[in-house]
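Survey of secondary and tertiary structure
The chain contents come next:
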Amino acid sequence: MKSIVITGANSGIGFETTKFLIEKGYRVFGSVRREEEGKALAATLGPLYLPMVFDVRDEAAVSNAAELVRRVLDGENLAGLINNAAVSVAGPVCHQSLEDVRLQLDTNLLGPFIVTKAFAPLLGRKTAQSEHPGRVINIGSFAGRIGLPFASAYCASKHGLEGFTESLRREMYLYGVPVVIVAPGLTKTPVWGKFDGQGLTRFDTTPFGRPYRKALSLLTKTPRKHGMESRRVADAIWHALTVKNPRRRYTLAQTYWEQVAVRALPRGLMDRAVVRWLRLSGNSA
Ligand SMILES: NC(=O)c1ccc[n+]([C@@H]2O[C@H](COP(=O)([O-])OP(=O)(O)OC[C@H]3O[C@@H](n4cnc5c(N)ncnc54)[C@H](OP(=O)(O)O)[C@@H]3O)[C@@H](O)[C@H]2O)c1
């Protein structure tokens, strides 16, 4: 039986991918942060789902989970490691708390380092006996290629993940382990509901109050209406996990603007469009 590890299995893209891989007959070790969440998922998904309880920032908890997975695998390889867990907290650089910035960098960038270090030894290596080592699939974002105002820490983490993925890919040639980034655009997941609790008006006492509200309300409404289904991301992950020669990068864009932005619209043009749209005037863009 093929087995994979995925972080953030209880929500959005992680949940959809877990469900999809179980339908395909994979055994999925999926991380959650609360034990009861793991039990509820196991009840929904059945015996092919095995919960791991950890926070991706907690090195000791992650390595304990890797040891448990190693014992269950009993000498088998993992077919894949999917670094999916992430958070997003919006705010202008000059006014966002460092706590919010650290949360995103620690979860979205340091988290994949910690998880990859712990689980990579279980992916196996290409030898005469084992022709099929597992793969690493990192979930990036179109925010790994462009900078969005009020999402600096998230964008920095996803740009960082691009570099991490490329470096890791080159290192893992030693073991014959492919390393892939799947980078979706706006996707319909519970993450957009999580912005509702962040408070649209919390930067109103700063010069960024209005533009922040405008950006955030558009950013949270658009994916709910026009975002792609998580299933499309799960399909790309499936492709990356199973084809003989996976692509290095899967760019999944749904809306017209994502396609334009991701295909490297000239930076100056994009600056002017964003400044005009959010009325961030008073500068030389
Ligand atoms: N939705 C989009 O439009 C979109 C677009 C591009 C890329 N992505 C990327 O896709 C991935 C999944 O996002 P999503 O939209 O499915 O988000 P989501 O529904 O909010 O799910 C995020 C998952 O990450 C887990 N998580 C958060 N912090 C964690 C931590 N410190 N340790 C362990 N797990 C943690 C969450 O667990 P809890 O439930 O315990 O918080 C949850 O399971 C992320 O990498 C995101 O950046 C999403």
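Structure's up top.
Owing to the predicted nature of the structure, the values given are computational and were not obtained by experimental measurement. (Residues numbered from 1 in each chain as written. Predicted model: local features only at pLDDT ≥ 70, side-chain atom pairs only at ≥ 80, totals over all residues.)

Topic: the site of the ligand
To keep it simple, the criterion reads: Nearness rests on one distance test: the residue's C-beta atom, set from the backbone, must lie within 6 Å of the molecule or strand. Only runs of H or I of at least four residues qualify as helices and only runs of E of at least two qualify as strands under DSSP, and these elements are numbered from the N terminus.
Residues in close proximity to the ligand total 28 residues, the closest being G8, G12, A85, A86 and T189. Of all the elements in the fold, those that place two or more residues in the shell around the ligand are α1 (12-23) and α6 (191-194). Ranked by residues supplied to the shell around the ligand, first place goes to α1 with three residues.

Points about the nonpolar core
The condition that has to hold: The nonpolar core is taken to be a set of buried Ala, Val, Leu, Ile, Met, Phe, Trp, Tyr and Cys residues joined by way of C-beta atoms within 7 Å. Partly exposed residues are those falling between the two cut-offs: more than 12 but fewer than 20 other C-beta atoms within 10 Å of their own, whereas 20 or more means buried and 12 or fewer means exposed, with C-beta atoms placed from the backbone. By definition, residues are in contact whenever their C-beta atoms, placed on the basis of the backbone, come within 7 Å of each other.
Membership of the largest hydrophobic core comes to 62 residues, with the highest contact counts inside it found for F119, V182 and I237. Broken down by element, the residue count for this core peaks at six residues, all from helix α8 (residues 230-242). Setting aside residues up to four positions removed in sequence, V182 forms contacts with I137, I139, G140, V233, A236, I237, A240 and Y250.

Some details on the sheet that holds strand β5 (residues 135-139)
What counts is decided by this rule: A pair of strands counts as paired when DSSP detects no fewer than two bridges linking them. To get an axis, a line is fitted to the C-alpha atoms, and for a helix only the part in contact is used. The angle between two axes follows their N-to-C directions and goes from 0 to 180 degrees.
What the seven strands build is an open sheet, ordered β3-β2-β1-β4-β5-β6-β9; its pairing is parallel. Lying at the two open borders of the sheet, with one neighbouring strand each, are β3 (49-53) and β9 (249-252). Sheet twist, expressed as the average angle between the axes of neighbouring strands with direction ignored, equals 15°. Bridging between strand β2 (residues 27-32) and β3 involves five bridges; their strand directions are parallel. Paired with S31 across the bridge in β3 is M52. Running at roughly 160° to β2, α1 makes contact with β1 (3-6), β2, β3, β4 (80-83) and β5 of the sheet. On the sheet, helix α3 (residues 59-73) packs against β1, β2 and β3 and is oriented at approximately 155° with respect to β3.

Let's talk about helix α7 (residues 209-226)
Rules: Given the number of residues in a helix, its expected span is that number minus one, multiplied by 1.5 Å. Note that the arc is computed from the directions linking the helix axis to the C-beta atoms.
A rise of 1.5 Å per residue sets the reference length of α7, with its 18 residues, at 26 Å; its end C-alpha atoms lie 26 Å apart and thus fit the reference within 8%. Along α7, the residues that are buried comprise P211, Y212, A215 and L216. Down the axis of α7, the smallest arc covering the buried residues is 125°, so these residues share one side. Along α7, the residues that are exposed and aim more than 90 degrees away from the buried face are S217, L218, K221, R224 and K225. Elements in contact with the buried residues of α7: α10 (267-278).

Concerning the packing of α1 against α8
Selection criterion: For this classification, under 35 degrees means roughly parallel, over 145 means roughly antiparallel, 65 to 115 means roughly perpendicular, and everything else is oblique. Crossing handedness: left-handed means the near helix sits turned counterclockwise from the far one by under a right angle, and right-handed means the same turn made clockwise. Charged residues are taken to be Asp, Glu, Lys and Arg, nonpolar residues to be Ala, Val, Leu, Ile, Met, Phe, Trp, Tyr, Cys and Pro, and polar residues to be all remaining types, Gly included.
Where α1 contacts α8, the two axes come as close as 9 Å, and the packing angle between them is 55°. Classified by the interaxial angle, the pair formed by α1 and α8 is oblique. In the crossing of α1 with α8, the sense of the turn from one axis to the other is right-handed. Facing α1, whose interface residues are G12, I13, E16, T17 and F20, α8 presents S230, R231, V233, A234, I237 and W238. In terms of residue class, the contact of α1 with α8 is made up of six nonpolar, three polar and two charged.

A closer look at the packing of α3 against helix α4 (residues 98-119)
As a packed pair, α3 and α4 sit with axes 9 Å apart at the nearest point and diverge in direction by 30°. Relative to α4, the element α3 lies roughly parallel. Taken as a pair, α3 and α4 cross one another with a handedness that is right-handed. Listed contacts from α4 to E59, V62, S63 and A66 of α3 are I114, V115, A118 and F119.

So, unusual backbone geometry
In this structure, D74 takes a positive phi of about 50° despite not being glycine. The residue D74 is located in the loop between α3 and β4 in this model. On the neighbour-count criterion, D74 (6 C-beta atoms within 10 Å) is exposed. With a phi close to 50°, R279 is a non-glycine residue in the positive phi region.

Comments concerning the pairing of β4
Neither face of β4 is exposed, since G80 and I82 on one face and L81 and N83 on the opposite face are all buried. Where β1 and β4 come together, three bridges link them in parallel fashion. Its bridge partner lying in β4, I6 is registered against I82.

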